[in-house]
Amino acid sequence: MGKSDFLTPKAIANRIKSKGLQKLRWYCQMCQKQCRDENGFKCHCMSESHQRQLLLASENPQQFMDYFSEEFRNDFLELLRRRFGTKRVHNNIVYNEYISHREHIHMNATQWETLTDFTKWLGREGLCKVDETPKGWYIQYIDRDPETIRRQLELEKKRKQDLDDEEKTAKFIEEQVRRGLEGKEQEAPVFTELSRERDEEKDTDDLGRDSLGPSALAALGSTVSGKRKEPFQGSAQPKEKKRRSALDEIMEMEEEKKRTARTDYWLQPEIIVKIITKKLGEKYHKKKGIVKEVIDRYTAVVKMLDSGDKLKLDQTHLETVIPAPGKRILVLNGGYRGNEGTLESINEKTFSATIVIETGPLKGRRVEGIQYEDISKLA
């Protein structure tokens with residue numbers, strides 16, 4: 001068979017090999033040519049076309065490097081935006097998917113020597129959120145599209161409106177409780193004159209009094225006075241019972257709101273927590289840190305107070321920190337969730353504390369019996 005036969009096994013094998021990825025050390029970025037072995041790369045470097053490209057690059061090498069760096073950055077960020085959106089992902093996962101394209105820009109032609117340097121640069125430029133963990137570097141794309149920003153502002157406005165509605169409801173319930181307590185204190189029985197509905201009763205009473213003696217009249221008078229008192233007592237009791245039941249109902253609604261406000265997640269930014277897991281070694285066990293970021297409600301990025309290290313930990317590996325009385329705290333769970341306050345006292349027997357709310361519509365309220373795990377020290 002001739003050498004140029006398109007259907008020979010060797011020609012088919014060469015086409016199959018040329019489709020896949022080859023070794024990076026046999027790739028020429030200036031010529032954008034991939035060689036399959038060392039001999040082919042050597043022959044390419046000695047070729048006239050390669051020498052011409054080197055002469056062009058030697059005239060202004062910085063211009064070529066800037067061009068390749070910009071192309072690499074744009075393609076990498078475009079893949080990160082389309083494939084992962086604003087999700088937090090390991091940088092190696094994105095890079096491996098990027099280099100799977102045969103015509104990609106290789107990193108050795110850019111201004112960054114390693115993927116770690118490129119990741120740090122993305123964080124410094126504000127293009128991505130980056131954080132280092134024991135498993136490596138993670139990146140999160142920051143979407144600055146005007147439509148996305150507008151959508152986020154609308155969601156934030158709606159969330160703020162919902163919070164305002166909750167504050168109005170809490171203020172309304174507090175006002176109802178105050179009015180109920182005032183009405184209960186001011187309520188007093190009112191006595192009115194007994195009026196007979198029928199004239200027959202009057203005639204019967206007069207007839208009886210004329211025929212009875214003095215002792216019988218005295219007994220009859222005491223009986224009538226007792227009957228007169230009974231209607232007033234009976235009419236006052238239902239009112240008092242009715243008012244008390246309305247007050248109890250309002251209190252029960254508030255207690256029900258407190259119970260339903262409890263959630264199984266409690267992490268909040270800018271609180272101080274303590275690491276209780278031993279899986280990280282004695283270096284971090286029982287050490288305190290500040291929660292810098294909360295991820296998916298149950299995971300936090302904690303910056304250690306002593307070493308400054310940043311760790312990504314689940315809330316099951318953390319516990320709250322109770323400060324000394326007089327220090328500021330944040331309520332993490334229950335009906336007062338999200339309110340800041342001051343620690344007033346600690347009850348070690350019941351593992352609870354007494355706090356004073358400092359923010360929100362319930363400012364100034366004194367709350368007793370709040371559990372240790374529902375509050376934590378503010379940074």
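Residues numbered from 1 in each chain as written. Predicted model: local features only at pLDDT ≥ 70, side-chain atom pairs only at ≥ 80, totals over all residues. Heavy atoms only, no water.

Visitor: I'd like a description of the sheet that holds strand 14 (residues 366-371), backed by residues and values.
Guide: One open sheet holds the five strands; their spatial order is 14-13-12-11-15, and the pairing between them is antiparallel. Two strands bound the open sheet, and with one partner strand each, they are strand 14 and strand 15 (375-377). Sheet twist, expressed as the mean angle between neighbouring strand axes with direction ignored, is 45°. Note: strand 12 (residues 340-347) against strand 13 (residues 352-357), six bridges, orientation antiparallel. Residue isoleucine 346 lies in a different strand from strand 13, and its bridge partner there is alanine 353. (Pairing = 2+ DSSP bridges. Helix = DSSP H or I, 4+ residues; strand = E, 2+ residues; numbered from the N terminus. Axes fitted to C-alpha atoms, helices over the stretch in contact; angles between N-to-C directions.)

Visitor: Give me the lowdown on the sheet that holds strand 4 (residues 128-133), citing residues and values where you can.
Guide: Across the sheet, three strands lie side by side as 3-5-4; this open sheet has antiparallel pairing. Strands at the two margins of the open sheet, each flanked by one partner only, are strand 3 (88-90) and strand 4. When strand polarity is set aside, the average angle formed by the axes of neighbouring strands in this sheet is 30°. Strand direction decides the pairing type here: strand 3 and strand 5 (residues 136-141), joined by three bridges, are antiparallel. Considered in strand 5, the bridge of valine 89 is made with isoleucine 139. Seen against the sheet, helix 5 (residues 91-99) touches strand 3 and strand 5 and runs at an angle of roughly 70° to strand 3. (Contact = heavy atoms within 4.5 Å.)

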